[in-house]
Amino acid sequence: MTFEMQAPHRGWKWFVLGMLALTACGAVSEPPAADAREERPVSGMHDTGGGQDPFPTWSSPTFAAVPAMATDGKQFLTAWRDVLRPGQLFAARVSTDGELLDPDSIRLNLDPAVEAGDPAIAFDGKQFLVVWQGSLTLYLVRVNRDGTVVPPVLPIADIFASPSPAPTIACGWRKCLVAWPDVAGPSSIRGVIVESDDMGLGTRELVISSPAQPFTSFGISAAWGHDRFLVVWSDERTGIPKLLAARVRPDGTVLDPSGIPVSTSPGVQSFSDVVATKHGFFIAWSDTRLGTRDIFGTLVKPDGSVPDPDGFLIESSPDDEFDPAVSYDGSRVLASWSRLSPGRFSVRGNFVRADGSLASPVGFPLSTGEFVREVQQDVAYADGTHFVAWCAAPAVDEPPFQVILGSRVKKNGALVDDPAIRISHSPSVEGAAVGPRER
């Protein structure tokens, strides 16, 4: 299966670490008053070259959150929601040569305007599909490769408990699986097969695992490969959150209704992401077995077996590492994650080879260090290029605004775009104190 069909994105997976008085990207302080200075045109704030002003002017503050990304093989589409504009979802395309194709952004849910939760996105071979959860309903909208939105917003499933966590989506050719944890009794992992053709969409609901006790704060992830989907979630049925996975055939047949244990380690396993590779499905997650939250990984083969149930260490430090995202380039996986250091969030990564060895003994920075809060990233691969997008804000706790930044990644892990490409609109932030850059 080619990379165009894989779904390297996942929905927002947030956990409030006990040592922080930190509000996750969904809750912010009151927005500052509008800037009285002259407003520049929106498109003027999205210079993708090295001469970009790191603090552009935007008179209306924004709080872009939950970036989810997919690729059609030639470009990357990033979707996000704006916390300061409830009910509004946006997206923008970036070409593989680093050009921002939609400087004014694409409004995803104009018709009809419905409640907008955290988005997930995938490419089905012809169109991008963006899904999110509203009040008691799962919604979907299609986006053409040229950035035009195909109306209307479509309800594709009922949700029996609300609010619910973000869904996940993975696609093969014109067929996708959307999955989410449902906390209504009995708690379960539910899904819907979405099939597309020139006449429209067809849906078929299924139960992936029940009863299940998903730890909903840790989210859910899915990938397509080897003629099947793999769904991964953190489950508390054993008394401590552990990763479980289930394979689902394109016709909706669930091969592992009880779940496959991904790792037998003694720690809490959370914040998973999964991508299909030549050898099976690579899963990365956050694990507490060493005392802090560290990043581990393992492989689930197409037959459901797990050759290394302990998993292997990708990154460990005195800080907390969490919320990994993964993409695959045909030979190596780029694993990225967020790091919580004293007074700073940053995004880091490493390349993982097929044998589980790491390209670098320690991870390398994947965010530019322009802001003290750089977190909540997603990654994708297309046409010889890995691309990473992340949230950026000038304060760790209750920042006044937040933007989406992105950069292409070189084969050695260095960033191509520094300063980063500014994907979302920005508020007026000239002179904002963001602290020293961390490299």
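This one's a predicted model, so the numbers in the text were calculated from it and none came from an experiment.

(A) Summary view of the side chain of Thr96. Residue position: Thr96 is located in the loop between strand E3 (89-95) and strand E4 (106-107). Apart from the residues lying within four places of it in its own chain, the contact partners of Thr96 are Lys74, Gln75, Phe76, Ala382, Asp383, Thr385 and Arg408.

(B) Main features of the pairing of strand E15 (residues 242-248). Counting buried positions along E15 yields seven of seven residues, so the element is predominantly enclosed. Here seven bridges tie strand E14 (residues 228-235) to E15, and the two strands are oriented antiparallel to one another. What sits directly across from Ser234, in E15, is Leu243. Here E14 folds back onto E15, and the loop between the two strands holds six residues, one of which, Gly239, carries a positive phi near 100°. Sheet topology places E15 next to strand E16 (residues 260-261); two bridges connect them, and they run antiparallel. Residue Leu244 lies in a different strand from E16, and its bridge partner there is Pro261.

(C) Examining unusual backbone geometry more closely. Cis geometry marks the peptide bond from Ser210 to Pro211; its omega dihedral reads -5°. Geometrically, the link from Asp418 to Pro419 is a cis peptide bond, its omega value of 15° lying close to zero. Summarising the element assignment, Pro419 is placed in the loop between strand E27 (403-409) and strand E28 (421-422). Even without being a glycine, Ser105 presents a positive backbone phi close to 70°. The residue Ser105 is located in the loop between E3 and E4 in this model.

(D) Region of interest: the confidence of the model for the protein chain. Confidence in the prediction for the protein chain averages 84 pLDDT; 82% of positions are at 70 or higher. Here residues 1-57 is a poorly scored stretch, pLDDT under 50, and it has 182 contacts once near neighbours within four places are set aside; other chains count. In the model, residues 429-434 has pLDDT below 50 throughout and makes 18 contacts with residues more than four positions away in sequence or in other chains.

(E) Representation of the pattern of salt bridges within the structure. According to the stated counting rule, one finds 18 salt bridges in the structure shown. Taking the shortest distance from any N to any O, the salt bridge between Arg348 and Glu315 comes out at 3.5 Å. Taken as a pair, Arg348 in strand E23 (residues 344-352) and Glu315 in strand E20 (residues 312-315) lie far apart in primary sequence, 33 residues in all. On the basis of relative accessibility, which here comes to 13%, the residue Arg348 falls in the buried class. Where salt bridges share partners, they join Glu315, Glu321, Arg339 and Arg348 into one cluster.

(F) Fine view of the pairing of strand E18 (residues 280-287). The buried count for E18 comes to eight of eight residues, which makes it a mostly enclosed element. Inspection of the sheet shows strand E17 (residues 269-277) paired to E18 by seven bridges, in the antiparallel sense. Across the sheet, the residue bridging to Val274 is Ile283, located in E18. The hairpin turn running from E17 into E18, its antiparallel successor, is two residues long. Bridging between E18 and strand E19 (residues 294-300) involves seven bridges; their strand directions are antiparallel. Each residue of the ladder has a partner; that of Ala284, found in E19, is Gly297. Linking E18 back to E19 in an antiparallel pair, the connection comprises six residues, with Gly291 at a positive phi of about 110°.

(G) Focus on the sheet that holds E14. In space, the four strands of this open sheet follow the order E13-E14-E15-E16, with antiparallel pairing throughout. Of all the strands in the sheet, just strand E13 (220-225) and E16 have a single pairing partner and so form its edges.

(H) Fine view of the side chain of Ser263. Counting through the fold element by element, Ser263 comes out in the loop between E16 and E17. There is a polar contact of 3.5 Å between the side chain of Ser263 and the backbone oxygen of Asp310. Ignoring sequence-local partners within four residues, the contact set of Ser263 consists of Gln269, Trp285, Arg289, Pro309 and Asp310.

(I) Region of interest: the nonpolar core. Judged by nonpolar contacts, the single largest core of 25 residues is most densely connected at Trp80, Phe387, Ile404 and Ile423. Those elements that provide at least two residues to this core are strand E1 (64-71), strand E2 (75-82), E3, strand E25 (373-382) and strand E26 (385-393).

(J) Quick look at the sheet that holds strand E10 (residues 175-182). With respect to topology, four strands assemble into an open sheet ordered E9-E10-E11-E12, the strand pairing being antiparallel. Of all strands in the sheet, those with a lone pairing partner are strand E9 (168-172) and strand E12 (200-209), marking the two edges. Mean inter-strand twist for the sheet, computed between neighbouring axes without regard to direction, equals 20°. Of the pairings in the sheet, the one linking strand E11 (residues 188-197) to E12 comprises nine bridges and is antiparallel in character. Considered in E12, the bridge of Val192 is made with Glu205.

Thresholds applied
- Residues numbered from 1 in each chain as written.
- Predicted model: local features only at pLDDT ≥ 70, side-chain atom pairs only at ≥ 80, totals over all residues.
- Heavy atoms only, no water.
- Helix = DSSP H or I, 4+ residues; strand = E, 2+ residues; numbered from the N terminus.
- Contact = heavy atoms within 4.5 Å.
- Buried < 20%, exposed > 50% of the residue type's maximum accessible area, 1.4 Å probe, protein only.
- Pairing = 2+ DSSP bridges.
- pLDDT = per-residue confidence, 0-100.
- Salt bridge = Lys/Arg side-chain N within 4 Å of Asp/Glu carboxyl O.
- Polar contact = N/O pair within 3.5 Å; in protein donor to acceptor, adjacent residues only side chain to side chain.
- Core = buried A, V, L, I, M, F, W, Y, C linked by side-chain atoms within 4.5 Å.
- Axes fitted to C-alpha atoms, helices over the stretch in contact; angles between N-to-C directions.

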